[in-house]
Amino acid sequence: MNDLLKKSAVELAAMLRAGHITSVELTTACLDRIDALDGRIHAFLHLDRDGALATAAEVDRLRAAGEDLHPLAGVPIAVKDNMVTRGMPTTCASKILEGWLPPYDATVITKIKEARLPIVGKTNMDEFAMGSSTEHSAYGPTRNPWDVDRIPGGSGGGSAAAVAAYMVPLALGSDTGGSIRQPGSVTGTVGAKPTYGAVSRYGLVAMASSLDQIGPVTRTVADAAALTELIGGHDPLDSTSLPAPVPPLGEAVAKVAADGVLAGLKVGVVKELSGDGYQAEVLDAFTDTVERLRRAGAEIVEVSCPSFDYALAAYYLIMPAEVSSNLARFDGIRYGIRVEPTEGPVTAERVMAATREAGFGDEVKRRIILGTHVLSAGYYDAYYGSAQKVRTLIQRDFDRVFGQVDVLVSPTAPTTAFAFGDKLDDPLAMYLNDIATIPANLAGVPAMSIPVGVDGQGLPIGFQVIAPAHADLRMYEVAALVETLSGDVAGSCPAANWEEAH
Ligand code: GLN
């Protein structure tokens, strides 16, 4: 593999600015790497070779002409296939959107284009971001670069695998219940879900609007900070966008990495987010990391958030309710495929039914049915209403414990990467992967996964840092400290030596 690919985005950006490398050289290296590996990994659903190289060439030309460019200009990026890209296929890994070419760009894409980062392609995911393994993609699963017989997490398995396998230094993910952080955990990558509203959702194909958030997928905390600074900030096109600028995350991360300490830090260990159901090695790596934080001067406090025990149940009522309403727009008339009934009259209703029957996969149908049920007149109060009350209790738990500590920590996922097929036929077992990530979505608070070690089989383990709403800067500071104390876990991914191993 080209040694350039092992460098972080921040390092590559500096090399580009100094004129040590060109963006065409770097983008070509990424595309070559994708050509070499993606037949096996299947991180990408669509590649835009020409578009990426054209952007790269333009960056090189402008830089040579002395133009003032964005610090990340020329650094290649991959985008999860649920963010709309003008003229470039956007399928959400669903058959129903096959062949659809969006007429506009998501705000995050506009920002990336304005900053001139070559977009190499769109990454694989569970259909409409529903799943924890990328096995629910209508176009076949993505493989985990650490062990190709295992899942890369989900729903953003494609972005995580692309970054873990050194195909790109940067990728975008979306996180509704953990789809950035859980793939991060099982692929040894860094993934962050910003505070709800900190990054625009305009042009993100909605799964559950009150939970969805776009965020970075990278190999280092500094890269996640740099990418968030680029994509974040207020957007008048998203009514839930926060009217606040992105804080100087990169600067804060660099300072903590240099100092190796965070004076006066109080860390809360959430009692409810460990114990039963968590793999022993995951708990060991978690305890070790907490111990390292203690030795680095942090005060460690055990805190209890009793309502977190109901978070998964509340999520699997609120999320499908929003899914059933958001996915009503896929009617065979406005977007993507259109399937006409094989016999009988061609009415709008029957076209809609035939299209949705053919276009949606089983998991998507399951959630639409569940959502329609919990919103139906006779059950609304019992299910949806109760779930919303639990959501409020979870928010109160967060408010209370954040009065005592600066951040909360937990394992990101209960286990390391599991084998294909292990949980595919058991939706509840699949849903349990989200047990530690969901509370942050329900409360809208920022949360992040950082790789901290590997298990006995050499599979990566993630550590989650959760901060209060709007305290993304604090989360990044703690993540930087955790990274400094844990060493380079991503660097030990066997995909780094792919040529030798395969
Ligand atoms: N695994 C979760 C689910 O299936 C998370 C999805 C997500 O964050 N997009 O709902």
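All values derive from a computational prediction rather than experimental measurement.

Overview of the overall build of the protein chain
- Tallying secondary structure elements over the protein chain gives 17 helices and 11 strands in all.
- Its C-alpha atoms put the protein chain at 70 × 55 × 45 Å along the principal axes.
- Residues classed as buried in the protein chain amount to 59% of the 502 residues present.
- Considering only intrachain contacts with a sequence separation of at least 6, the fraction spanning at least 24 residues in the protein chain is 76%.
- A gap of 3 Å separates the mean positions of the 41 positive and 61 negative side-chain charges of the protein chain.

What to know about the sheet that holds strand β10 (residues 447–454)
- The 11 strands are arranged β1-β3-β2-β4-β6-β5-β10-β11-β9-β7-β8 in an open sheet whose pairing can be described as mixed. A single partner strand is all that each edge strand has here, and the edge strands are β1 (44–47) and β8 (299–303). Sheet twist, expressed as the mean angle between neighbouring strand axes with direction ignored, is 25°.
- As paired elements, β10 and strand β11 (residues 460–466) share seven bridges and run antiparallel to each other. Its bridge partner being in β11, Ile450 is matched across the sheet by Phe463.
- Contacts between helix α16 (residues 472–486) and the sheet are confined to β5 (190–193), β6 (214–218), β9 (407–411), β10 and β11, with β10 contributing the most and set at about 5° to the helix.

Considerations on the packing of helix α10 (residues 311–326) against helix α12 (residues 362–374)
- At their nearest, the axes of α10 and α12 sit 7 Å apart, and the two run at 100° to each other. In terms of orientation, α10 and α12 fall into the roughly perpendicular class. Taken together, the residues of α12 that come into contact with α10 (itself represented by Tyr316, Leu317, Met319, Pro320, Ala321, Val323 and Ser324) are Arg367, Ile368, Leu370, Gly371, Thr372 and Val374.
- Residue classes in the contact of α10 with α12 are distributed as nine nonpolar, three polar and one charged.

Some words on the site of the ligand
- Around the ligand, the surrounding shell holds 15 residues, and the nearest of these are Thr176, Gly177, Ser179, Tyr315 and Arg367.
- Between the ligand and the protein, one listed contact pairs an oxygen atom with a side-chain N or O atom of Tyr316 at 3.4 Å.
- In the model, an oxygen atom of the ligand is placed 2.8 Å from a nitrogen or oxygen of the Arg367 side chain.
- Relative to its unbound accessible area of 290 Å², the ligand is 100% covered by the protein chains.

Some details on the side chain of Arg181
- Structurally, Arg181 is set in helix α6 (residues 181–187).
- Taking the relative accessible area as the measure of exposure, Arg181 reaches 0% and is therefore buried.
- Once residues within four sequence positions are removed from consideration, Arg181 is found in contact with Asp175, Gly191, Lys193, Thr412, Thr437, Ala440, Asn441, Ala447, Met448, Ser449 and Gln464.

A short note on the pattern of salt bridges
- On inspection of all chains with the given rule, the structure shows 19 salt bridges.
- The salt bridge partner of Arg86 is Asp105, with a shortest N-O separation of 3.8 Å. Here Arg86, found in the loop between β2 (77–80) and α4 (107–115), pairs with Asp105, found in the loop between β2 and α4; they are 19 residues apart in sequence, far enough to count as distant.

Focus: the packing of helix α8 (residues 249–259) against α16
- Packing of α8 against α16 leaves a shortest axis separation of 8 Å and a crossing angle of 35°. Judged by the sense of rotation from one axis to the other, the crossing of α8 with α16 is right-handed. On α16, the residues touching Leu249, Ala252, Val253, Val256 and Ala257 of α8 are Asp472, Leu473, Tyr476, Glu477, Ala480, Leu481 and Thr484.
- Of the residues assigned to the contact of α8 with α16, the class counts are nine nonpolar, one polar and two charged.

Focus: the confidence of the model for the protein chain
- A residue-level look at the protein chain finds 99% of positions with pLDDT of 70 or above and a mean pLDDT of 96.
- Of all secondary-structure elements in the protein chain, the lowest mean pLDDT belongs to helix α17 (residues 498–501), at 65, while β2 reaches the highest, 99.

Some details on the environment of Pro103
- For Pro103, the location among the structural elements is in the loop between β2 and α4.
- Once the C-alpha coordinates of Pro103 and Thr85 are considered, the two residues, 18 residues apart in sequence, prove to be 7.8 Å apart.

Some details on α8
- Here α8 has its buried residues at Leu249, Ala252, Val253 and Val256. The buried residues of α8 occupy one face: seen down the axis, they fall within an arc of 100°. Among the exposed residues of α8, those oriented more than 90 degrees off its buried face are Glu251, Lys255 and Ala258.
- On its buried side, α8 packs onto α7 (221–231) and α16.

Each value, and the rule that gives it
- Residues numbered from 1 in each chain as written.
- Predicted model: local features only at pLDDT ≥ 70, side-chain atom pairs only at ≥ 80, totals over all residues.
- Heavy atoms only, no water.
- Helix = DSSP H or I, 4+ residues; strand = E, 2+ residues; numbered from the N terminus.
- Buried < 20%, exposed > 50% of the residue type's maximum accessible area, 1.4 Å probe, protein only.
- Contact = heavy atoms within 4.5 Å.
- Lys, Arg positive; Asp, Glu negative; His and termini not counted.
- Charge placed at Lys NZ, Arg CZ, Asp CG, Glu CD.
- Pairing = 2+ DSSP bridges.
- Axes fitted to C-alpha atoms, helices over the stretch in contact; angles between N-to-C directions.
- Parallel < 35°, antiparallel > 145°, perpendicular 65-115°, else oblique.
- Nonpolar A, V, L, I, M, F, W, Y, C, P; charged D, E, K, R; others polar.
- Near = heavy atom within 4 Å.
- Polar contact = N/O pair within 3.5 Å; in protein donor to acceptor, adjacent residues only side chain to side chain.
- Areas by Shrake-Rupley, 256 points an atom, 1.4 Å probe, with all protein chains shown as cover.
- Salt bridge = Lys/Arg side-chain N within 4 Å of Asp/Glu carboxyl O.
- Left-handed = near helix turned anticlockwise from the far one by under 90°.
- pLDDT = per-residue confidence, 0-100.
- Arc of directions from axis to C-beta.

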